[in-house]
Amino acid sequence: MLIDRPAATTGNDLLDLFPDGSHLDERGGIVVGGCSLAEVAERFGTPALVVDEAALRGRARAYRDALDRHWPNSQAVFASKSFPCTEVVRTLVEEGLGVDIAGGGELVTALAAGADPEHIVMHGNAKTDEELAMAVAAGVGTVVIDNLRDLERLEKLVTDGRQAVLLRVIPEVDADTHAAMMTGHRGSKFGLTVGQAAEAAARVHRSSRLRLDGLHVHVGSQLMETAPFRRAVEAVAALPGLGRHPVYDLGGGLGVRYTYTDRPPTVEEYVKTLTDAAREHLPGDARLIVEPGRSLVGPTAVTLYRVVTVKPGGHRPLVAVDGGMADNLEPMLYGQRFEATLVDRVGGGEACDLVGRHCESGDTLIRDVPLSAPRAGDVVAVPATGAYCYSLANNYNGARRPPVVFCRDGEAREAVRRETYADLLRRDARAGHPRALPFLLTDV
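Residues numbered from 1 in each chain as written. Predicted model: local features only at pLDDT ≥ 70, side-chain atom pairs only at ≥ 80, totals over all residues. Heavy atoms only, no water.

Peer 1: Would you explain the overall build of the protein in this entry?
Peer 2: Along its length, the protein carries 14 helices and 20 strands. Projected onto its principal axes, the C-alpha coordinates of the protein cover approximately 70 × 55 × 40 Å. For the protein, buried positions account for 55% of its 444 residues. By sequence separation, contacts in the protein at least 24 residues apart represent 70% of the contacts at least 6 residues apart. When the accessible surface of the protein is split by element, carbon and sulfur atoms take 49% of a total near 18,800 Å². (Helix = DSSP H or I, 4+ residues; strand = E, 2+ residues; numbered from the N terminus. Buried < 20%, exposed > 50% of the residue type's maximum accessible area, 1.4 Å probe, protein only. Contact = heavy atoms within 4.5 Å. Areas by Shrake-Rupley, 256 points an atom, 1.4 Å probe, with all protein chains shown as cover.)

In structure tokens:
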């Protein structure tokens, strides 16, 4: 169910949701990364996912600097599932972050982006034999053990040296977030119970091929207060029979601001909460790892659409755009509220329902969003789309997944090209009927 919330209507309120440094030009158009969004839409087409590179680097530095101040023996590793794009990963690696992966494709992306395998952390509640073999072959620094079978299979694959592992434990901490984003509650599909963790630790200690570096804990995503993070540290420190360790991975989960009413903690507040709790409950010489994903990339990107049609609706005008649930599934999966504006008429206007082009009544991006006299051909910008929109993009109705455009200092460049119709057929064993040929040649 989509969440309806009070909407602000001023340009300043809207710009606060866009990447840091965004502003209006002399004609009243939105500028992100020094680039006019109207011009980006004209050049690269729509839908398009636009990343402000300076804002992305700024978020990485905020994490790095806060950790350096509060717990120097620490590292942030990017939860790449939130935006598994090679250029995004490369940018964050250049800023000194490691990479958190949860599958073979994310491993390949991290390696292609130049990540040091030693600073890759591999997750997954159902890692395949192939993925574990890939991790060992690549020299992945840390494998997080989610279940006892992980140990059995991993030990068979390690032939040289000892593979460092962390045990993911269930802290039984409930977080105030959507049920699909909770990960640390009792009965979670992720991690080991206390009894299983003690058994796993004993097995690793007996192994000549595995090395237990420490524990991992994660309570959920899009958390808007810091209390659950403190409780997770307290819980992992109090686990019976597991002792003290040189490494503690405290996960991620910090929320981001999607709407005017959202007030998530700052990176500084989040890191200070973790490190204050660690100072009270964990060994002072332990290495801390945090895994920011949504809070790292979410605020740094904007999705652009073009209005196709406007017509009366049951409660509000229906403004239909050329994208929707194929490029942003979050409103449909989690009821996540976003905001939007026309790029050249910012703020104000009549309340509308922004709907997608896909053949589902549930393909509604935003209900009750003010738009200033929208008409066909207008460009709509939806901020805070840097997390999970790219990850969850799909080909529903034959939609071609959109490009990723990086903007910095007034220069826009294509980091990921738009899919082509040929791409849609590329894996088909018997594709290529002559009737499709004109479209494959022109690929409009």
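Peer 1: When you look at the environment of Ala102 in this model, what are you seeing that I'm missing?
Peer 2: When you line up the elements, Ala102 lands in the loop between strand S6 (98–101) and helix H5 (104–112). A relative accessible area of 41% means that Ala102 is categorised as partly exposed. Considering only alpha carbons, one finds Ala102 and Glu131, 29 residues apart in sequence, at a separation of 9.3 Å.

Peer 1: Can you help me understand the sheet that holds strand S3 (residues 35–36) in this one?
Peer 2: Each strand in a sheet pairs with another by means of backbone hydrogen bonds, the pair being arranged parallel or else antiparallel. Pairing is antiparallel in the open sheet, where three strands are placed in the order S1-S2-S3. The sheet terminates laterally at strand S1 (23–24) and S3, the two strands that pair on one side only. As judged from the two bridges shared by strand S2 (residues 30–32) and S3, these two strands associate in the antiparallel manner. Directly across from Val31, in S3, lies its bridge partner Ser36. (Pairing = 2+ DSSP bridges.)

Peer 1: Sorry if this is basic, but what is going on with the pattern of salt bridges here?
Peer 2: A side chain with one charge may pair with a side chain of the opposite charge, provided their charged atoms come close. In this structure the tally under the stated criterion is 33 salt bridges. The partner of Glu95 in a salt bridge is Arg61, and the shortest N-O contact between them spans 2.8 Å. With Glu95 in the loop between helix H4 (86–94) and S6 and Arg61 in helix H3 (residues 53–70), this residue pair connects regions lying 34 residues apart in the sequence. The exposure class of Glu95 is buried, given its relative accessible area of 5%. Note on Arg61: relative accessible area 37%, which makes it partly exposed. With its nearest N and O atoms 2.9 Å apart, the salt bridge here joins Arg203 to Glu199. Separated by four residues within a single helix, Arg203 and Glu199 lie in helix H8 (residues 194–206), roughly one turn from each other. One salt-bridge network, held together by shared partners, links Glu53, Arg57, Arg61, Arg64, Asp65, Glu87, Arg90, Glu94, Glu95, Arg408, Asp409 and Arg413. (Salt bridge = Lys/Arg side-chain N within 4 Å of Asp/Glu carboxyl O.)

Peer 1: Sorry, what's going on with the packing of helix H6 (residues 129–138) against helix H7 (residues 148–157) here?
Peer 2: What describes two packed helices is the angle between their axes and the distance between those same axes. Two elements in contact, H6 and H7, have axes whose closest approach is 10 Å; the angle formed by their N-to-C orientations is 45°. Classified by the angle between their axes, H6 and H7 sit oblique to one another. Crossing of H6 over H7 shows right-handed handedness. Residues Asp129, Leu132, Ala133 and Val136 of H6 touch H7, and the partners they reach there are Arg153, Leu154 and Leu157. (Axes fitted to C-alpha atoms, helices over the stretch in contact; angles between N-to-C directions. Parallel < 35°, antiparallel > 145°, perpendicular 65-115°, else oblique. Left-handed = near helix turned anticlockwise from the far one by under 90°.)

Peer 1: Any chance you could explain the sheet that holds strand S8 (residues 142–145) here in plain terms?
Peer 2: Spatial strand order, S5-S6-S7-S8-S9-S10-S11-S12: eight strands in a closed barrel with parallel pairing. Within this sheet the neighbouring strands show an average axis-to-axis angle of 30°, counted without direction. Pairing analysis gives three bridges linking S6 to strand S7 (residues 120–122), with the strands arranged parallel. By the bridge assignment, Ile101 is partnered in S7 with Met122. Contacts from H8 reach strand S9 (163–168) and strand S10 (210–216) within the one sheet, and its direction differs from that of S10 by about 155°.

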